[in-house]
Amino acid sequence: MAAFWLTVGLITGIVGLASAQSKSLPQVKIAMTVNSPTDTAFSYIVPVKLAHIFKRYKRFPAVTKTNETELWTVFFEDGTTAQETLTSVKPSQSFTYKIENFTSPLRMLAKRIDGEWIFTDLGSGKTKIEWAYKITPKNYLAKKMIKWFMVGQMPLHLQVIKP
């Protein structure tokens, strides 16, 4: 099988990026097109190790490991953790998840993060992948801080490489 690359920021393909400043929740959306059938792209992304994707970026610590039991714990290099729960899976189409119970300073600002990945078959062996996450702030001031700091500065260099 040919090398399978998904890269935001360094992708060789078509990349679209939007930071939606909705009136309700701070949100980030990333879209990319990859040269891979939808089922192959989906099967690769869903089980990928988070430590492989989320590296240190400025003030954002890298994911070092996950404890993938009933309650999926994400461990960061600074010793903090968060709980991630898969909320829905539609094979080869989409999946959603939520992250909550932060032990980092994010716990002061956010109640949770809701994420969604959507895979759309474009034909000719191409797939459009959309990743969006919405951050539920604890209050109005937290919302403003999240929009400025998290949404405006969040690492968008998602890199997933599979030889």
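Here the residue numbers are simple positions, counted from 1 along each chain's written sequence. Local features in this predicted model are restricted to residues whose pLDDT is 70 or higher, and side-chain atom pairs enter the listing and the counts only when it is 80 or higher, whereas totals over whole chains, interfaces and linings include all residues. Hydrogens are left out, water is left out, and the side-chain values use all remaining heavy atoms of the structure.

**Quick look at the packing of aromatic side chains**
- Ring pairs shown here join Phe, Tyr and Trp side chains whose ring centres sit within 6.5 Å, with only the six-membered ring taken for Trp; geometry is labelled stacked below 30 degrees between planes, edge-to-face above 60, and tilted in between. Taken as a whole and assessed by the stated rule, the structure comprises nine aromatic pairs.
- Plain terms: the ring middles of phenylalanine 42 and phenylalanine 95 are 6.2 Å apart, the flat faces sit at 75 degrees to each other, and that makes the pair edge-to-face. With phenylalanine 42 in helix α1 (residues 38-45) and phenylalanine 95 in strand β7 (residues 94-100), the pair connects residues that are 53 residues apart, well separated along the chain. An identical accessibility class is assigned to phenylalanine 42 and phenylalanine 95; each is buried.
- A centroid spacing of 5.3 Å and a plane angle of 20 degrees characterise the contact between tryptophan 117 and tryptophan 131, whose relative ring orientation is stacked. By the criteria applied, helices consist of DSSP H or I runs no shorter than four residues and strands consist of E runs no shorter than two, each listed in order from the N terminus. Buried residues are those whose accessible area, probed at 1.4 Å on protein chains only, stays under 20% of the maximum for their type, while exposed residues exceed 50% and partly exposed ones sit between those limits.

**Some remarks on the environment of arginine 107**
- Along the chain, the position of arginine 107 falls in the loop between β7 and β8 (110-123).
- Sequence separation of arginine 107 and proline 137 is 30 residues, and the distance between their C-alpha atoms is 9.5 Å.
- Contacts of arginine 107, omitting those with residues within four sequence positions, involve Phe102 and Lys138.
- Within the local environment of arginine 107, its side chain forms a polar contact with the backbone oxygen of threonine 103, the two atoms lying 2.9 Å apart. A contact between two residues is defined here by any heavy atoms of the two lying within 4.5 Å. For the purposes of these results, a polar contact is taken to be a pair of N or O atoms within 3.5 Å, where, inside protein, one atom must be able to donate a hydrogen and its partner to accept one; residues adjacent in sequence count only when each atom of the pair is a side-chain atom.

**Re the pairing of β8**
- In this description, strands pair whenever DSSP reports at least two bridges between them. Relative to β8, β7 runs antiparallel, the two being bridged by seven bridges. Residue pairing across strands places tyrosine 97 opposite glycine 115, the latter belonging to β8.
- Sheet topology note: the β8/strand β9 (residues 126-137) ladder contains 12 bridges and is antiparallel. Paired with glutamate 116 across the two strands is alanine 132, which belongs to β9.
- Linking β8 to β9, which pair antiparallel, is a turn of two residues; within it serine 124 sits at a positive phi near 55 degrees.

**Structural notes on the confidence of the model for the protein chain**
- As a per-residue quantity, pLDDT reports the predictor's confidence and falls between 0 and 100. Chain-level statistics for the protein chain give a pLDDT mean of 79 and a share of 77% at 70 or above.
- Predicted confidence is poor over residues 157-163, with pLDDT under 50, and the contacts of this stretch with residues over four places away or in other chains come to 32 contacts.

**What about the pattern of salt bridges?**
- Salt bridges are identified by distance alone: a Lys or Arg side-chain nitrogen within 4 Å of an Asp or Glu carboxyl oxygen. Applying the stated criterion across every chain, the model contains four salt bridges.
- Salt-bridge contacts for lysine 98 lead to glutamate 100; the nearest nitrogen and oxygen are separated by 3.4 Å.
- Between glutamate 130 and lysine 128 there is a salt bridge; the shortest N-O distance is 4.0 Å.
- For lysine 128, a relative accessible area of 31% puts it in the partly exposed group.

**Looking at the environment of lysine 138**
- Tracing the backbone shows lysine 138 in the loop between β9 and α3 (140-153).
- Its relative accessible area of 44% is what places lysine 138 among the partly exposed residues.
- In this view, lysine 138 contacts Arg107, Met108, Leu109, Ala110 and Lys111; residues no more than four positions away in its chain are not counted.
- For lysine 138, the side chain forms a polar contact with the main-chain oxygen of arginine 107, separated by 2.9 Å.

**Concerning unusual backbone geometry**
- A positive phi angle is found at serine 92, which is not glycine, with a value near 65 degrees.
- Among the structural elements, serine 92 can be located in the loop between β6 (81-90) and β7.
- For serine 92, a relative accessible area of 26% corresponds to the partly exposed category.
- Positioned with a positive phi, serine 124 is a non-glycine residue whose angle comes to about 55 degrees.
- With respect to the helices and strands, the residue serine 124 is situated in the loop between β8 and β9.
- Exposure remark for serine 124: the relative accessible area of 78% places this residue in the exposed category.

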